Amino acid sequence: MSKVTAKAPANIAFIKYWGKKDEALRLPLNSSLSMNLSHVFTLTTVDFLSDLAEDEIEMGGEKLVGEEAERIIEHLERVRKLASIKLKAKVKTKNNFPKGTGIASSASGFAALTLASTKAAGLNLSEKKLSILARLGSGSACRSIPDGFVEWLKGNSHQTSYAHSLYPPDYWDLVDIIAVVTKKGKKVSSAEGHGRAESSLFLSARVRAMGAKVRLLKKTFKEKNFTKLGEIIEEETLNMHAVMMTSKPSIIYWLPKTIQLMLAIRQWRQEGLESYFTIDAGATVHIICLKKDAGKIKEKVLRLRGIDRVIVNYPASGAKLVKSYLF
Ligand code: DP6
């Protein structure tokens, strides 16, 4: 047993995971594709200690209790079972970005926890096994394990549903400019939202078209066709949010600023500045552009009033061990 720290990126999905085939195993209804992000990440230190009566979890300097803590403890249980140990763990974790706003904190969080806790427990899992394990903590976390541009294969069983790298981070100079429009966390968690997907009449149409959409996006990546990529990701965003909005009960993650940004992005395109929006489960807008245009677009975003924070991201590696400790 030893103290271990891992760093894992959040990721932005170009083709999204919304709705589960198997709730407990977090098997998704469709495969998804994402890019790991360089400037939004979680750092987590884990140590299994003999003098602890229960797991101690601290997030952002505060002791974590309730449902969030339970979800982490469940994950530690999975690791203890795999490593055949009984020791309780001390866990300290921090994000460098606001939680629950549509930047995938559960993705970076469970990816970092998976890598740090398995290593701390003396396990040496392959990337595939880490991705499978991370998926049980949070579906999107399995995509934060491999490097760069990643595909999560939906699979049809626990062992066949995992993420793998399609291309390394330096394959394509895409940029994700995150425009955070509110500091407040969302009211409906994505874990809860997934459960409502089935109640939308639009879900079956969405799922039916997914195989072809994934194939098309992969082709677009191969050809590095940015305009085509943009068209696909905007359609995909509106498609997923249509399912969210028509669920029972309905979920509207957008705020007025979200829509203002979506329309501004389309206006800038008409003026010759090419970028596209994508939005996860929150009000935050991710603006996808090429590196050559990132400076100009960032300036334009900052000129709009009421944007809380702008974070510029490049494609990044997946979860990694680091040498510093949080305790
Ligand atoms: C809209 O991975 O957060 O960001 O498996 O319940 O933890 P759980 O859900 P989560 O869902 C992410 C939903 C999304 C789309 C995506 O990242 O693919």
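Here we summarise the structure given alongside this text.

Thresholds, definitions, all that
Residues numbered from 1 in each chain as written. Predicted model: local features only at pLDDT ≥ 70, side-chain atom pairs only at ≥ 80, totals over all residues. Heavy atoms only, no water. Helix = DSSP H or I, 4+ residues; strand = E, 2+ residues; numbered from the N terminus. Contact = heavy atoms within 4.5 Å. Pairing = 2+ DSSP bridges. Axes fitted to C-alpha atoms, helices over the stretch in contact; angles between N-to-C directions. Near = heavy atom within 4 Å. Polar contact = N/O pair within 3.5 Å; in protein donor to acceptor, adjacent residues only side chain to side chain. Areas by Shrake-Rupley, 256 points an atom, 1.4 Å probe, with all protein chains shown as cover. Core = buried A, V, L, I, M, F, W, Y, C linked by side-chain atoms within 4.5 Å. Buried < 20%, exposed > 50% of the residue type's maximum accessible area, 1.4 Å probe, protein only. Salt bridge = Lys/Arg side-chain N within 4 Å of Asp/Glu carboxyl O.

Concerning the side chain of Glu236
By secondary structure assignment, the location of Glu236 is in helix H7 (residues 226-245). In this structure, Glu236 is in contact with Phe14, Ile15, Lys16, Arg206, Met210 and Lys213, ignoring residues within four places of it in sequence.

Some points on the sheet that holds strand E11 (residues 275-278)
As summarised here, the arrangement of the 4 strands in space is E11-E12-E10-E13, forming an open sheet in which the pairing is antiparallel. The open sheet has two edge strands with one neighbour each: E11 and strand E13 (309-313). If you compare each strand with its neighbour and ignore which way they point, the axes differ by 25° on average. H7 contacts strand E10 (174-180), E11 and strand E12 (285-290) of the sheet and is inclined by roughly 25° relative to E11. Here helix H8 (residues 256-270) sits on the sheet and contacts E10, E11 and E12; the angle it forms with E11, its principal contact strand, is near 160°.

Quick word on the site of the ligand
Near the ligand lie 18 residues; those nearest to it are Tyr17, Arg71, Ser138, Gly139 and Ser140. Contacts to the ligand include Arg71, whose side-chain N or O atom sits 2.7 Å from an oxygen atom. Here Ser106 contributes a side-chain N or O atom positioned 3.2 Å from an oxygen atom of the ligand. Across the complex, the protein chains shield 96% of the 450 Å² of accessible surface that the ligand would expose by itself.

Observations regarding the nonpolar core
One finds Val46, Phe48, Ile72, Leu76, Val91 and Leu113 to be the most contacted residues of the largest nonpolar core, which totals 31 residues. Residue assignment for this core shows that the elements contributing at least two residues are strand E1 (4-15), strand E4 (32-49), helix H1 (66-83), strand E7 (88-95), helix H2 (105-120) and helix H3 (127-137). In contact with Phe48, other than residues within four places in its own chain, are Met1, Leu76, Val79, Arg80, Ile85, Leu87, Lys88, Ala89, Ser117, Ala120 and Ala121. Residues Tyr167, Tyr171, Val180 and Leu229 belong to the second largest nonpolar core, which totals 29 residues.

Considerations on H3
The buried count for H3 comes to 8 of 11 residues, which makes it a mostly enclosed element. By the burial criterion, the buried members of H3 are Leu130, Ser131, Ile132, Leu133, Ala134, Arg135, Leu136 and Gly137. Along its buried surface, H3 packs onto strand E3 (27-28), H1, H2, strand E8 (149-153) and strand E9 (162-167).

Re the pattern of salt bridges
Applying the stated rule across the entire model yields 17 salt bridges. The salt bridge partner of Asp55 is Arg80, with a shortest N-O separation of 2.7 Å. Of the two residues, Asp55 sits in the loop between E4 and strand E5 (56-59) while Arg80 sits in helix H1, which places them 25 residues apart along the sequence. For the residue pair Asp55 and Arg80, the accessibility class agrees, reading buried in each case. For Lys320, the salt bridge identified is with Asp147, shortest N-O distance 3.0 Å. Of this pair, Lys320 sits in strand E14 (residues 320-322) while Asp147 sits in the loop between H3 and E8, and the two are 173 residues apart along the sequence. For Asp147, a relative accessible area of 28% corresponds to the partly exposed category. Several salt bridges share partner residues, and in doing so they unite Arg206, Lys213, Glu235 and Glu236 into one network.

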